[in-house]
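One letter stands for each residue in the lines below.
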Amino acid sequence: MTFIEPQQLESLPHSLFIVTEGIGDARFVDELLQFKGITNCSVGCPSIVSSGGSGKDAFPKYLASIQTARSRIKSIPLRGILVVADANGNAADSFETIVTAMRDATFPAPSRAFSIEEHGGLSVAVYLIPGEGETGTLENILLRAAFQKSPNFEKCLDDFSVCTGGLKSSKPNLQAKMRMSAVAATFCQDNPWCSPNTMWGDKNNPVPVNSACFNHICDFITRFAT
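Residues numbered from 1 in each chain as written. Predicted model: local features only at pLDDT ≥ 70, side-chain atom pairs only at ≥ 80, totals over all residues. Heavy atoms only, no water.

1. Re the pattern of salt bridges
Okay, so step 1: Enumeration over the complete set of coordinates arrives at six salt bridges.
Okay, so step 2: For Lys177, the salt bridge goes to Glu139, with nearest N and O atoms at 3.1 Å. Remark: Glu139 occurs in helix α5 (residues 138-149) and Lys177 occurs in helix α7 (residues 172-187); sequence separation between them is 38 residues.
Okay, so step 3: Classification of Glu139 by relative accessible area gives buried; the value is 11%.
Okay, so step 4: Arg179 is the salt-bridge partner of Asp158, the closest N and O atoms lying 3.0 Å from each other. Taken as a pair, Asp158 in helix α6 (residues 153-164) and Arg179 in helix α7 lie far apart in primary sequence, 21 residues in all. (Salt bridge = Lys/Arg side-chain N within 4 Å of Asp/Glu carboxyl O. Helix = DSSP H or I, 4+ residues; strand = E, 2+ residues; numbered from the N terminus. Buried < 20%, exposed > 50% of the residue type's maximum accessible area, 1.4 Å probe, protein only.)

What follows is the structure in structure tokens.
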């Protein structure tokens, strides 16, 4: 696999491309690819350099940049594109935003999330994190894996959240992000400024990549890459 920094998207070195919302999601997917031994996928995400920002709103420009790179003679012919993004508070709305972005960039789009479909020789798919039938973000699924590994830590985080007022937030997704940041900083003792973006290279990474919590997305990516 190849992790492609957005500003370096000059050609496509692999036949399959996985698009994510940001660096944290891309790092997570890249770790899953390495764990599963998948070597035919590129991973990339929008940035201020490539698309004027990150997240779903930047997907149209980033997908258009993939189309541009796809047309260059040194690129490997593209045979599949998978978009991995957060479901957030409304999975249906998130899916429609992604589908619109794909169509705006003249890519075909799947009829539903969690489905790999063929359109004119191109496989297209959308996977919404944390998983099918759920709402939330990457941090939700990372926390599940961390708590599965260290169950007692969940109560510690609850106490920490009450003490700091974190539980007063009306936005569950932001609570999950705060909690995951605290987990990463606490476990990665040699790197206390560690984040979910950078924890994967730390020996004390609190999230095991082989966690059963990731089985669904691993299986989906494996099917896409086959």
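2. Topic: the packing of aromatic side chains
Okay, so step 1: Applying the stated criterion to the full structure yields six aromatic pairs.
Okay, so step 2: Ring centres of Tyr127 and Phe220 lie 5.3 Å apart, and the angle between their planes is 55°; on these two criteria the pair is classed as tilted. In this pair, Tyr127 is assigned in strand β6 (residues 122-129) and Phe220 in helix α8 (residues 215-225), connecting sequence segments 93 residues apart.
Okay, so step 3: Residue classification places Phe220 among the buried positions, given a relative accessible area of 2%. (Phe/Tyr/Trp six-rings, centres within 6.5 Å; stacked < 30°, edge-to-face > 60°.)

3. Things to note about the sheet that holds strand β5 (residues 117-119)
Okay, so step 1: Across the sheet, which stays open at both edges, the six strands sit in the order β1-β3-β2-β4-β6-β5 with mixed pairing between neighbours. Both edges of this open sheet fall to β1 (2-4) and β5, since each of them pairs with a single strand only. Adjacent strand axes in the sheet meet at a mean angle of 25°, parallel and antiparallel pairs treated alike.
Okay, so step 2: The pairing of strand β2 (residues 16-20) with strand β3 (residues 41-44) spans four bridges and is classified as parallel. (Pairing = 2+ DSSP bridges. Axes fitted to C-alpha atoms, helices over the stretch in contact; angles between N-to-C directions.)

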